[in-house]
Amino acid sequence: MLEEAGEVLENMLKASCLPLGFIVFLPAVLLLVAPPLPAADAAHEFTVYRMQQYDLQGQPYGTRNAVLNTEARTIDADVLSRRCVLMRLLDFSYERYQRALRQSAGAVVIILPRAMAAVPQDVIRQFMEIEPEMLAMETIVPVYFAVEDDALLSIYEQTQAASTSQGSASAAEEFIRSCGHTTVPERHPPSSPSDDTSHGHHDCVLLHTATANGFQMVTSGVQSKAVSDWLITSVEGRLTGLGGEDLPTIVIVAHYDAFGVAPWLSHGADSNGSGISVLLELTRLFSRLYTYKRTHAAYNLLFFASGGGKFNYQGTKRWLEDNLDHTDSSLLQDNVAFVLCLDTLGRGDSLHLHVSKPPREGTLQHSFLRELETVAAHQFPEVRFSMVHKKINLAEDILAWEHERFAIRRLPAFTLSHLESHRDGQRSSIMDVRSRVDSKTLTRNTRLIAEALTRVIYNLTEKGTPPDMPVFTEQMQIQREQLDSVMDWLTAQPRAAQLVGKDGTFLSTLQHHLGHYLKEVRPHHVKADKRDPEFVFYDQLKQVMNAYRVKPAIFDLLLAVCIGAYLGMAYTAVQPRKGKSQQRPGRQRWPPSTCWSLILSPHPQYSTLRRHHNLPTQHPADGHTIASLHRCLLGGSVFNQRSENCGSWLRPARSLSL
């Protein structure tokens, strides 16, 4: 069978008008020569972090979708409908983000740099200002964040090149428009060299568009759903004062959770990792003072690390309700001197005491205000201290500062922060990373707060202690290394309220640290009200995204045209040559198996044919006889030279059933 196929192919090559071998074997050669596409380049897998999704009093915030399966484009492309828009942080702006949403983009993926510390400060400030605006509205399409790596950067660059080459239309539209001319434009001599090369440029753009690599972005997760059993945990501990039962209580509060546009990227270094760091350092200092009877003060110190601070201070709200409404004995019911809330203390040379109502002169909170001013002026002259008065606005969905939760329950409270306004973007940003907290500034602010508290608790001013004399020196000084280690621990993990579970290592470590210095340390849990929840959280906040290398739709059309052209060339190549070598009308060609069936037939005419041409009665072995027989049966010259009517010998074979 293989010999017969080779013989047929040989005759086809002789009868064809083009080099058929070149056409037949060219695709195979191209497939062998072309380098194979590595598997790593064909698909890339990386982790993405979804934008916040929660409901506040029935009002939805953040993105409402989590499923993604669409082709990638950059913001430079003019057609973004149903596309996954890739944007780098350095090129991100709120106007571009809004443009992608207005054009009905299928999804948005924002690529963050690996080293946030290397990002210019103006870019960080700009993004911090944009984050609240992104969360203020409901976004239907999924919005994801990804940390840049080499493969993801390569995907972005290839997608950007493909998006730029598309011009003002998609690849398919440009191809149709370029092929849609039915008239030949009038030719004019080029007025300049640029006019002569413009057509070539458009052809190159079209070719590049057709052959450019695209990427299909697909998430592995499912649609997000509400989390009905979320839990917020807070931790409290105390140092009991020396004296009678009715001692005044000073409450020191800091919320530990962080907030940003993406929960899994919310590390909250300054807000509010710095506040928790100061609170833990204060527990260490005053636990040592309360250890000795000589320095054991007549004040109860209640420390509270609250959860859900970024969600309207839910942990503090429920803690106050349980201590003031659902119990008969609590330090909060007896004699609260004041509540000091710590928030964003790791940057800047300013300190602001935010109050809802200015303290009256003669009260302990007024004394603390004066001690802060005194210590700042005499021991830290570089610090600009001031009091900021802001009334509580109950019409807003979220309170401005944590002390307002206490002020609503008529407890004297204030918040200490280096920020002058609660609307500052630094309080709720994924850009709030460890590098934004200055260790020297955090240590200084911790010492300033500790000095002012000590002067109030021990009444040092009334005792004549000079204002420039520090209390915490030598073995009692502030430990900068301790603050740094706590900050490193806090910022090494995301602390969004949705991610901090009661059984996680974070809360257990926090409770263990407080238990090392305080008494009666215990957690306080807040469960969701299933009937009328104030907050509703959603899952699918972290997913795996796959980028599959694909060709644009125009490539399929171009490939179909090439295949059609190849088949046309192959069909043309197998046609016989015109002229003398063309087979006469009525002459028929048979394959070798048919030929030998005819020649070796017992029919009398074929016996005469074999004797006339001296052909053997068995299958010939020599190549000359085979070629002679083939030429005879294909209309060659052997029979024509020895018989005037060679066709008459072959005519009976056409009626045979072989």
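Our subject is the structure listed above.
Worth saying up front: this structure is predicted, and the values here are computed from it rather than measured.

Here is what the cut-offs are and how they apply
- Residues numbered from 1 in each chain as written.
- Predicted model: local features only at pLDDT ≥ 70, side-chain atom pairs only at ≥ 80, totals over all residues.
- Heavy atoms only, no water.
- Salt bridge = Lys/Arg side-chain N within 4 Å of Asp/Glu carboxyl O.
- Helix = DSSP H or I, 4+ residues; strand = E, 2+ residues; numbered from the N terminus.
- Buried < 20%, exposed > 50% of the residue type's maximum accessible area, 1.4 Å probe, protein only.
- Polar contact = N/O pair within 3.5 Å; in protein donor to acceptor, adjacent residues only side chain to side chain.
- Contact = heavy atoms within 4.5 Å.
- Expected span 1.5 Å × (residues − 1).
- Pairing = 2+ DSSP bridges.
- Axes fitted to C-alpha atoms, helices over the stretch in contact; angles between N-to-C directions.
- Right-handed = clockwise from strand over helix to strand, strands pointing away.
- Parallel < 35°, antiparallel > 145°, perpendicular 65-115°, else oblique.
- Left-handed = near helix turned anticlockwise from the far one by under 90°.
- Phe/Tyr/Trp six-rings, centres within 6.5 Å; stacked < 30°, edge-to-face > 60°.
- Lys NZ or Arg CZ within 6 Å of the ring centre and 35° of its normal.

What the rule picks out here adds up to 20 salt bridges. Linking K317 and E534 is a salt bridge whose minimum nitrogen-to-oxygen distance equals 3.0 Å. Residue K317 is found in helix α10 (residues 314-325), and its partner E534 is found in the loop between β18 (519-527) and β19 (535-538); the two are separated by 217 residues along the sequence. The residue E373 makes a salt bridge to R370 at a minimum N-O spacing of 3.0 Å.

Moving on: the side chain of T441. Residue placement: T441 occurs in helix α14 (residues 439-457). A residue is classified by how much of its surface remains accessible, and T441, at 10% relative accessible area, is buried. Here D438 takes part through its side chain, which lies 2.7 Å from a polar atom of the side chain of T441. Look past the residues within four positions of T441 in its chain and what remains in contact with it is L345, G346, R347 and G348.

What follows deals with α10. Compared with the 16 Å implied by 1.5 Å per residue over twelve residues, the 16 Å span of α10 between its first and last C-alpha is a close match. Taken as a whole, α10 has its buried residues at Q314, G315, T316, W319, L320, N323 and L324.

Here we take up the sheet that holds strand β16 (residues 384-389). Consider a sheet: its strands pair through backbone hydrogen bonds, and that pairing is either parallel or antiparallel. The eight strands lie next to each other as β16-β15-β17-β14-β12-β13-β11-β18, forming an open sheet whose pairing is mixed. Each having just a single partner strand, β16 and β18 make up the two edges of the open sheet. Taking each pair of neighbouring strands and ignoring which way they run, the sheet shows an average axis angle of 20°. With five bridges connecting them, strand β12 (residues 249-255) and strand β14 (residues 336-342) associate as parallel partners. By the bridge assignment, I252 is partnered in β14 with L340. In the packing of helix α12 (residues 364-378) onto the sheet, the strands contacted are β14, β15 (350-355), β16 and β17 (413-417), and the crossing angle to β14 comes to about 45°.

Summarising the element assignment, I110 is placed in strand β6 (residues 107-112). Along the chain, I110 and R88 lie 22 residues apart, while their C-alpha atoms are 5.6 Å from each other. Contact partners of I110, with chain neighbours within four places excluded, come to M87, F92, M134, Y144, F145 and A146.

Time to look at the pairing of β15. Burial analysis of β15 places six of its six residues in the buried class, which makes it a mostly covered element. Burial along β15 is two-sided: the face carrying S350, H352 and H354 and the face carrying L351, L353 and V355 are both buried. Across six bridges, β15 lies against β16 in parallel orientation. Pairing of V355 across the sheet is with H389, part of β16. As for the winding sense of the linkage, the β-α-β connection from β15 through α12 to β16 is right-handed. Judged from the four bridges that link them, β15 and β17 form a sheet pairing that is antiparallel. Looking at the pairing, H352 lines up with S417 of β17.

A few words on the pairing of strand β5 (residues 84-88). Counting buried positions along β5 yields four of five residues, so the element is predominantly enclosed. In this sheet, β6 lies alongside β5 in parallel orientation, the contact comprising five bridges. In the sheet register, R88 faces β6, and the bridge partner there is I111. On the question of chirality, the crossover connecting β5 to the parallel β6 by way of helix α4 (residues 94-102) is right-handed.

Moving on, we get to the packing of helix α9 (residues 269-289) against α14. Axis separation between α9 and α14 bottoms out at 10 Å; the angle between their running directions is 45°. Taken as axis vectors, α9 and α14 run oblique relative to one another. Considering how the two elements wind past one another, α9 and α14 form a crossing that is right-handed. The segment α9 lies against α14, with S274, S277, V278, E281, L282, L285 and F286 engaging L442, T446, I449, A450, L453, T454 and I457.

Attention now moves to unusual backbone geometry. Most peptide bonds adopt trans geometry, and most residues besides glycine take a negative phi value. Here the residue pair S271 and N272 is connected by a cis peptide bond, since its omega of 5° sits within 30 degrees of zero. Tracing the sequence through the fold places N272 in helix α9. At R82, a position not held by glycine, the phi torsion is positive, near 55°. Following the sequence through the fold, R82 ends up in the loop between β4 (69-74) and β5. One non-glycine residue with positive phi stands out, namely E520, at about 55°. Inspection of the secondary structure puts E520 in strand β18. For E520, a relative accessible area of 52% puts it in the exposed group.

In this structure the tally under the stated criterion is 20 aromatic pairs. For the pair Y54 and F311, a centre-to-centre distance of 5.2 Å together with 90° between the ring planes defines the contact as edge-to-face. Of this pair, Y54 sits in strand β2 (residues 53-56) while F311 sits in the loop between β13 (300-306) and α10, placing them 257 residues apart in sequence. The buried category is assigned to Y54, whose relative accessible area is 6%. Seen from their ring centres, Y256 and F506 are 5.3 Å apart, and the 50° between their planes marks the pair as tilted. You can see Y256 sitting in the loop between β12 and α9 and its partner F506 sitting in helix α16 (residues 505-517), a full 250 residues away along the chain. As far as burial versus exposure is concerned, Y256 and F506 are alike and both buried. What links up through ring pairs into an aromatic cluster is the set Y54, Y61, W230, F259, F311, F535 and F537. Lying across the ring of Y538, R64 places its NZ or CZ 5.1 Å from the centre. Its end group placed over the ring of W264, K542 keeps NZ or CZ at 4.5 Å from the ring centre.

Moving on: the environment of H366. Within the secondary structure, H366 sits in helix α12. A residue is classified by how much of its surface remains accessible, and H366, at 11% relative accessible area, is buried. The sequence separation of H366 and F338 amounts to 28 residues, and the corresponding C-alpha distance is 9.6 Å. Non-local contacts of H366, meaning those with residues more than four positions away in its chain, are made with P359, R360 and E361.

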